[in-house]
Amino acid sequence: QVQLVESGGGLVQPGGSLRLSCVAPRNIFSIYAMGWYRQAPGNQRELVARITRGGSTNYADSAKGRFTISRDNAKNMVYLQMNSLKPEDTAVYYCNAGTLELPGPYWGQGTQVTVSS
């Protein structure tokens, strides 16, 4: 069973920052684009950002200008730097291995991000 493992979530005040991390098995990381998705209670899971092996990126409009996705191919890690966080960013954030256009079949267990004063 493929395991993607996220970390870095937590409670932060509005305007604050968090960095999420995800480690993937090498055989998955070396093939797929990596992405971050989120799901708030009562909502569908939605794209936050994706990045290909070569570094091409794709962001949701809500993430543009505030979030940055990056990957370290030597460590099989993908990161999501989130700045200027808002209460509406509160959700469970999931790591995914897929393509630049679509999510793939590999998901992490999720990490909770709560933005609240």
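The text that follows walks through the structure, step by step, so that each part is easy to find. (Residues numbered from 1 in each chain as written. Predicted model: local features only at pLDDT ≥ 70, side-chain atom pairs only at ≥ 80, totals over all residues. Heavy atoms only, no water.)

### Let's talk about the overall build of the chain
Within the chain one finds one helix and 11 strands. Of the regular secondary structure in the chain, the N- to C-terminal order runs β-β-β-α-β-β-β-β-β-β-β-β. For 117 residues, the compact-globule formula gives about 13 Å, and the C-alpha radius of gyration of the chain, at 13 Å, lands near that figure. Projected onto the principal axes, the alpha-carbon positions of the chain cover approximately 40 × 30 × 25 Å. Looking at the chain as a whole, 45% of its 117 residues are labelled buried. Counted over contacts in the chain with a minimum sequence separation of 6, partners at least 24 positions apart contribute 55%. Summing over all exposed atoms, the chain offers an accessible surface of approximately 6000 Å²; the carbon and sulfur share of this is 47%. (Helix = DSSP H or I, 4+ residues; strand = E, 2+ residues; numbered from the N terminus. Rg over C-alpha atoms; globule rule 2.2 N^0.38 Å. Buried < 20%, exposed > 50% of the residue type's maximum accessible area, 1.4 Å probe, protein only. Contact = heavy atoms within 4.5 Å. Areas by Shrake-Rupley, 256 points an atom, 1.4 Å probe, with all protein chains shown as cover.)

### Here we look at the side chain of R66
By the element assignment, R66 lies in the loop between β6 (57-59) and β7 (67-72). On the accessibility criterion, R66 (12% relative accessible area) is buried. Among the polar contacts listed, one links the side chain of R66 to the side chain of D89, at a separation of 2.7 Å. Those residues in contact with R66 that lie beyond four places of it in its chain are Q81, M82, N83, S84, L85, K86 and D89. (Polar contact = N/O pair within 3.5 Å; in protein donor to acceptor, adjacent residues only side chain to side chain.)

### Some remarks on unusual backbone geometry
In the Ramachandran plot, N76 falls in the positive-phi region, its phi being about 60° despite a non-glycine side chain. Structurally, the position occupied by N76 is in the loop between β7 and β8 (77-82). We classify N76 as buried; its relative accessible area is 10%. In this structure, S84 takes a positive phi of about 50° despite not being glycine. Structurally, S84 can be placed in the loop between β8 and β9 (91-98).

### Some thoughts on the state of the cysteines
Two cysteines joined by a covalent bond between their sulfur atoms form a disulfide. Summed over the entire model, instances satisfying the criterion amount to one disulfide. What pairs with C22 in a disulfide is C95, and their sulfur atoms sit 2.1 Å apart. With the S-S bond torsion at -80°, the cross-link from C22 to C95 turns out left-handed. Placement of C22 in strand β3 (residues 18-23) and of C95 in strand β9 is noted, with a sequence separation of 73 residues between them. Accessibility assignment for this pair places C22 and C95 in one class, buried. (Disulfide = S-S within 2.5 Å.)

### Section: the sheet that holds β8
Each strand in a sheet pairs with its neighbour through backbone hydrogen bonds, running either in the same direction (parallel) or in the opposite one (antiparallel). With antiparallel pairing, four strands are arranged side by side in an open sheet as β1-β3-β8-β7. Either end of the sheet is taken by a strand with one partner, and the two such strands are β1 (5-7) and β7. Across this sheet, the average inter-strand angle for adjacent strands is 15°, counted without regard to direction. Judged from the six bridges that link them, β3 and β8 form a sheet pairing that is antiparallel. The residue of β8 that forms the bridge with S21 is Y79. (Pairing = 2+ DSSP bridges. Axes fitted to C-alpha atoms, helices over the stretch in contact; angles between N-to-C directions.)

### So, the pairing of β9
Of all the eight residues making up β9, seven are buried; the element is thus mostly covered by neighbouring parts of the structure. As defined by bridge partners, β9 adjoins strand β11 (residues 111-115) across three bridges and the pair is classed as antiparallel. Bridging from a neighbouring strand, A91 pairs with V113 of β11. Pairing of β9 with strand β10 (residues 106-107) involves two bridges; the strand directions are antiparallel. Looking across to β10, one finds that N96 is bridged to W107.

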